[in-house]
Amino acid sequence: MLKLKIAMYSMTMVFFLGTIVFAQKKCMFIGATPGKGGKISENADYDKHIMLLIKEWGYTIDKKHNCQDLPNYTEANYEPYDFIFLSESIHSSQVSPLRNIRKPMLSVEAMCSKHSALGFADSDRAASYLDPGKPVVFLDAAKDHPLAAGYAPGDVVEFGVYAKKKCLMTWATPTIPVISIAGIQGNQERLAVFGVEKG
């Protein structure tokens, strides 16, 4: 089942904060609100499918939180939740209020690593995208790690394939200490999957 989880996040990357999020139950799902068209609206509409999958895995989601609301949230808004899920539909410029929220977090948007977002990198140029995506190779730290979803070091996986078409995928080169799980084949410093420990 974990392999299925990592495959769902194929168009982007995955990272976590704190404890292993797969052991948590109540999910705060943060995404964009579908609008009147365009790519962001299209991605936001896809969130309903991801939310359904998360529920099928045994997690509860009470509603979809709009990323535009984050500046007005206090710690009380986050308190009922075990972990936070950041959808690919969000814009990285909207997640900086989460920097000081002490909750495990799972993101499928590598742009959140930017200095102006969650601050995992010292520059906004340390995260970008590939269109179409490229295969990723699992690194040494992937051995027996939950974020590796059952893949082993050296495994090469082609993420970002939907309806037989390659999709856009994002990557990051964090400048803080991270657990490097998988990198872009041929340029493994560009991480597609990584973890960030608590603190």
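Worth saying up front: this structure is predicted, and the values here are computed from it rather than measured.

Reading the values: the criteria
Residues numbered from 1 in each chain as written. Predicted model: local features only at pLDDT ≥ 70, side-chain atom pairs only at ≥ 80, totals over all residues. Heavy atoms only, no water. Helix = DSSP H or I, 4+ residues; strand = E, 2+ residues; numbered from the N terminus. Contact = heavy atoms within 4.5 Å. Areas by Shrake-Rupley, 256 points an atom, 1.4 Å probe, with all protein chains shown as cover. Core = buried A, V, L, I, M, F, W, Y, C linked by side-chain atoms within 4.5 Å. Buried < 20%, exposed > 50% of the residue type's maximum accessible area, 1.4 Å probe, protein only. pLDDT = per-residue confidence, 0-100. Salt bridge = Lys/Arg side-chain N within 4 Å of Asp/Glu carboxyl O.

1. Overview of the overall build of the protein chain
Here comes step 1: Regarding its fold elements, the protein chain presents three helices and 13 strands.
Here comes step 2: Expressed as a percentage of contacts within the protein chain between residues at least 6 apart in sequence, the contacts between residues at least 24 apart total 61%.
Here comes step 3: Per element, the accessible surface of the protein chain, about 10,000 Å² overall, is 52% carbon and sulfur.

2. Here we look at the nonpolar core
Here comes step 1: In this structure, I30, Y78, I84, L86, L98 and L118 are the most contacted members of the largest nonpolar core, which totals 27 residues.
Here comes step 2: At the level of elements, β2 (27-31), β4 (83-86) and β13 (187-195) are the ones that each hand at least two residues to this core.
Here comes step 3: If we skip the residues at most four places from it in the chain, I30 touches H65, C67, L70, I84, F85, L86, S87, I90 and L98.
Here comes step 4: Residues V136, F138, A192 and V193 belong to the second largest nonpolar core, which totals 17 residues.

3. Some thoughts on the confidence of the model for the protein chain
Here comes step 1: The pLDDT averaged across the protein chain works out to 80; a share of 79% of its residues lies at or above 70.
Here comes step 2: Taking the mean pLDDT of every element in the protein chain, the minimum, 41, falls on helix α1 (residues 2-8) and the maximum, 95, on strand β7 (residues 136-138).
Here comes step 3: A low-confidence stretch, residues 1-14 stays under pLDDT 50, and its non-local contacts, those more than four residues away or across chains, total 54 contacts.
Here comes step 4: Below a pLDDT of 50 lies the segment residues 16-20, which in the model reaches 20 contacts outside its immediate sequence neighbourhood of four places, other chains included.

4. Things to note about the pattern of salt bridges
Here comes step 1: Enumeration over the complete set of coordinates arrives at one salt bridge.
Here comes step 2: A salt bridge links D47 to K64; the nearest nitrogen and oxygen atoms lie 2.8 Å apart. Taken together, the positions of D47 in helix α2 (residues 39-56) and K64 in strand β3 (residues 64-66) put the pair 17 residues apart, joining distant regions of the chain.
Here comes step 3: Classification of D47 by relative accessible area gives buried; the value is 1%.

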